[in-house]
Amino acid sequence: MSEIKVNFILNGRATTYVGEPRTTLLRALRAHGVTSVKRGCEEGECGTCTVLVDGVPMKSCMMLLPEVEGKSVITSEGLVGSNGELHPIQKAFIEEGAIQCGFCTPGMIMSVYALLNENPDPSDEDIKEALSGNLCRCTGYVSIIRAVKKAAAMMRE
Amino acid sequence: MLLQFDYVKPKSIAETIGLLVQHGSSSAIKAGGTDLIVWMKKHLIKPEIVIDITGIAELSGVSFYPHKGLRIGANATINQVLANREVKRSFPAIYEACLSHSDRLIRNKATFVGNVTGGVPSADLVPSLCCYDAVVHIAGPDGERDVPILEFITGPRRTVLSKEELVTHIYVPHIEAQAAGCYVKLARRNALDLAQASVACVVVDKQNGKDFRISCGAVAPKPIRALEAEKYLKGTKTLDETAIRNAADKVTESVNPITDVRATREYRLDMIRELTIKALATCIEGLRGGRMS
Ligand SMILES: Cc1cc2nc3c(=O)[nH]c(=O)nc-3n(C[C@H](O)[C@H](O)[C@H](O)COP(=O)(O)OP(=O)(O)OC[C@H]3O[C@@H](n4cnc5c(N)ncnc54)[C@H](O)[C@@H]3O)c2cc1C
Ligand code: FES
Ligand code: FES
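Reading the values: rules and limits
Residues numbered from 1 in each chain as written. Chains lettered and ligands numbered in written order. Predicted model: local features only at pLDDT ≥ 70, side-chain atom pairs only at ≥ 80, totals over all residues. Heavy atoms only, no water. Near = heavy atom within 4 Å. Polar contact = N/O pair within 3.5 Å; in protein donor to acceptor, adjacent residues only side chain to side chain. Areas by Shrake-Rupley, 256 points an atom, 1.4 Å probe, with all protein chains shown as cover. Helix = DSSP H or I, 4+ residues; strand = E, 2+ residues; numbered from the N terminus. Nonpolar A, V, L, I, M, F, W, Y, C, P; charged D, E, K, R; others polar. Contact = heavy atoms within 4.5 Å. Buried < 20%, exposed > 50% of the residue type's maximum accessible area, 1.4 Å probe, protein only. Arc of directions from axis to C-beta. Buried area = accessible area lost by both parts, 1.4 Å probe. Salt bridge = Lys/Arg side-chain N within 4 Å of Asp/Glu carboxyl O. Domains from an automatic or database assignment. Pairing = 2+ DSSP bridges. Axes fitted to C-alpha atoms, helices over the stretch in contact; angles between N-to-C directions.

**Student:** I'm lost on the site of ligand 1 in this one. Help?
**Tutor:** Near ligand 1 there are 35 residues, and of these Ile29, Gly32, Thr34, Thr111 and Asp124 of chain B occur at the shortest range. Positioned at a junction of chains, ligand 1 has nearby residues supplied by chains A and B. One nitrogen or oxygen atom from the main chain of isoleucine 29 of chain B is found 2.6 Å from an oxygen atom belonging to ligand 1. Protein contact buries 93% of the 990 Å² of open area that ligand 1 shows by itself. Listing elements by their share of the shell around ligand 1, those giving two or more residues are strand S2 (27–30), helix H2 (36–41), helix H7 (112–117) and strand S10 (166–173) of chain B. In terms of residue count, H7 of chain B provides more of the shell around ligand 1 than any other element does, three residues in total. Looking at the shell around ligand 1, its residues break down into 16 nonpolar, 13 polar and six charged.

**Student:** It is not clear to me how the environment of isoleucine 56 of chain B should be interpreted in this structure. Could you clarify?
**Tutor:** Residues and elements named next belong to chain B. Of note, isoleucine 56 is situated in the loop between strand S3 (49–52) and strand S4 (62–65). Placed 46 residues apart in sequence, isoleucine 56 and proline 10 show a C-alpha to C-alpha distance of 6.8 Å. Excluding its chain neighbours within four sequence positions, the residues that come into contact with isoleucine 56 are Pro10, Lys11, Ser12, Ile13, Thr16 and Asn75.

**Student:** What's the story with helix H5 (residues 92–100) of chain B in this structure? I'm lost.
**Tutor:** Side chains that are three or four residues apart share a direction in an α-helix, a result of its 3.6 residues per turn. Residue and element names in this part refer to chain B. Among the nine residues that make up H5, seven are buried, leaving the element largely enclosed by the rest of the structure. Within H5, the full set of buried residues consists of Pro92, Ala93, Ile94, Tyr95, Ala97, Cys98 and Ser100. Once H5 finishes, serine 102 follows within two positions and takes phi at roughly 45°, a positive value.

**Student:** What's the story with helix H10 (residues 227–234) of chain B in this structure? I'm lost.
**Tutor:** All names here are of chain B. Those residues of H10 that sit buried are Ala229, Glu230 and Leu233. Buried positions in H10, seen along its axis, are confined to an arc of 100° and lie on one side of it. Exposed positions of H10 whose direction lies more than 90 degrees from the buried face are Leu227 and Lys231. Of the surrounding secondary structure, the elements contacted by the buried residues of H10 are strand S13 (209–217), strand S14 (224–225), helix H11 (241–253) and helix H12 (265–288).

**Student:** When you look at the interface of chain B and chain A in this model, what are you seeing that I'm missing?
**Tutor:** Interface size is often expressed as the accessible area that is lost when the parts come together. Taken together, the contacts link 27 residues of chain B with 30 residues of chain A. For the pair chain B and chain A, the two sides together bury roughly 2,600 Å², of which 61% comes from carbon and sulfur. Among the residues of chain B in contact with chain A, Gln4, Arg104 and Leu105 of chain B are the three that bury the most area, contributing 25% of the side total. Summed over the shared surface of chain B and chain A, the number is five salt bridges. Between lysine 109 of chain B and glutamate 67 of chain A there is a salt bridge, with its nearest N and O atoms 3.0 Å apart. Those elements giving two or more residues to the side of chain B that touches chain A turn out to be strand S1 (6–8), H2 and helix H6 (104–107) of chain B. At four residues, H6 of chain B tops the list of elements feeding residues into the side of chain B that touches chain A.

**Student:** Which parts of the structure should I look at to understand the domain arrangement of chain A?
**Tutor:** Residues and elements named next belong to chain A. By domain assignment, chain A separates into domain 1 (4–77) and domain 2 (88–156). Computed over C-alpha atoms only, the centres of domain 1 and domain 2 are separated by 21 Å. Opposite the 16 residues of domain 1 that make contact, domain 2 presents 13 residues. Taken over both partners, the interface formed by domain 1 and domain 2 buries close to 1,100 Å², and the fraction arising from carbon and sulfur atoms is 65%. Applying the counting rule to domain 1 against domain 2 returns zero salt bridges. Connecting domain 1 to domain 2 are five residue pairs in polar contact (both at pLDDT 80 or more). Those elements giving two or more residues to the side of domain 1 that touches domain 2 turn out to be strand S3 (50–53) and strand S4 (56–59). Broken down by element, the residue count for the side of domain 1 that touches domain 2 peaks at three residues, all from S3. Partitioning the side of domain 1 that touches domain 2 into residue classes produces five nonpolar, seven polar and four charged.

**Student:** Can you help me understand the sheet that holds strand S12 (residues 197–206) of chain B in this one?
**Tutor:** Adjacent strands of a sheet pair through backbone hydrogen bonds, lying either parallel or antiparallel. All names here are of chain B. Strand order in the open sheet made by the four strands is S11-S12-S13-S14, with antiparallel pairing throughout. Among the strands making up the open sheet, the edge pair consists of strand S11 (178–186) and S14. With two bridges connecting them, S13 and S14 associate as antiparallel partners. For serine 215, the partnering residue across the bridge sits in S14 and is arginine 225. Sitting on the sheet, H10 touches S13 and S14, and the angle it makes with S13 is about 160°. Together, S11, S12 and S13 form the strand contacts of H12, whose direction differs from that of S12 by roughly 30°.

Have a look at this one:
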């Protein structure tokens, strides 16, 4: 069976990955050192593998590598500025104690990023709905919701 | 880990049919892939070639045609269906079924049509389609054909599709009268859980009386309409609590659930009764409140 070459934009840079069609986007990213993308359940349940594909949040374990041919993929690494400056969402998660073990955090942050692009001032309900596919086993979701509200306020300024 | 396979991404329906004819049962169609990838991981299916149809423009889009109805292309994701305003307004049972499906992220990938073609008894979108008398459009080497949703799924993970055919879109006829509809689902948690039992209900307020349509999910090997209950309700003068209860009893007689990891047969029967009562009450209330279709 064949090896394939997949061209896509990763965090703003033209990238080519060589792999097998059965490689999921999750596994391909991690194999290339993009380790913010976490391997949790690999069955679409937990959301720790969430990335943006052409601006839309997706679970990368449910995506085959060839599916991103010609598309733009953004991970939590891609939100960090060139001088290492964290994104307001990343800062807000740290400041509000919305991170404990951190395993769910990069995926959460990508779902929040997609939400705030669409809706700069989300209600608690909007936030819960947007994060319905991202599970956190540590914090309970209260501090996460607080962090999203803080990030939204920072980004509106 | 997935077994090895080759991957092709055709650009047209004709090209897809060519590939299906060439590869037959060693191939599998992939739309969103949220069922397919999971089944392949579990080695429930072992295709040698995966045909990704998401690059086919002819299969995209959700469109509403007044006086005709709703056309849902095979590549439309569930979130794209939810985003069409006419779905919420005219097909509330479909709208609520879509909202009950998985979570926001999976709905960005999972297609509406893929939920139907999988033929899974707990598929959330099927009961509502049964209430609206949806029609499945199929294309294959011998041309096109239309199959009513109730006949499309023939058993657990089985459909009328031959190995050389694909579904191009699903068509949901418009109801030319006031109507209410809802979908109620029992699962262990709100997001991300398969139905243990579910009921879709649509009530149409016609000049010569009300029309009732009731369909259940996860409680029979293939989609059903509770025809006895529908007939009973149509003949009933006063839609009081007793009538609703009697109808709910008739609905439980029309289903045949199994015991599995998610629930027992007895529990499912009890729940179908309760879900039906809730669904009927919601629709009747909706009509009183003038929920338009
Ligand atoms: C985490 C998770 C949560 C889920 N939650 C739910 C839920 O709450 N409710 C629910 O009902 N389901 C749920 N599912 C199951 C699945 O997401 C849905 O059934 C989904 O709608 C399938 O669509 P898809 O585009 O991903 O299908 P695919 O996986 O691409 O295809 C499904 C099947 O249909 C065939 N197929 C697809 N398109 C066509 C076509 N046009 N013509 C012919 N055959 C075709 C494929 O070959 C395959 O056999 C869940 C799945 C996951 C991973
Ligand atoms: S690893 Fe992708 S959803 Fe859990
Ligand atoms: S911080 Fe540990 S899972 Fe969320």
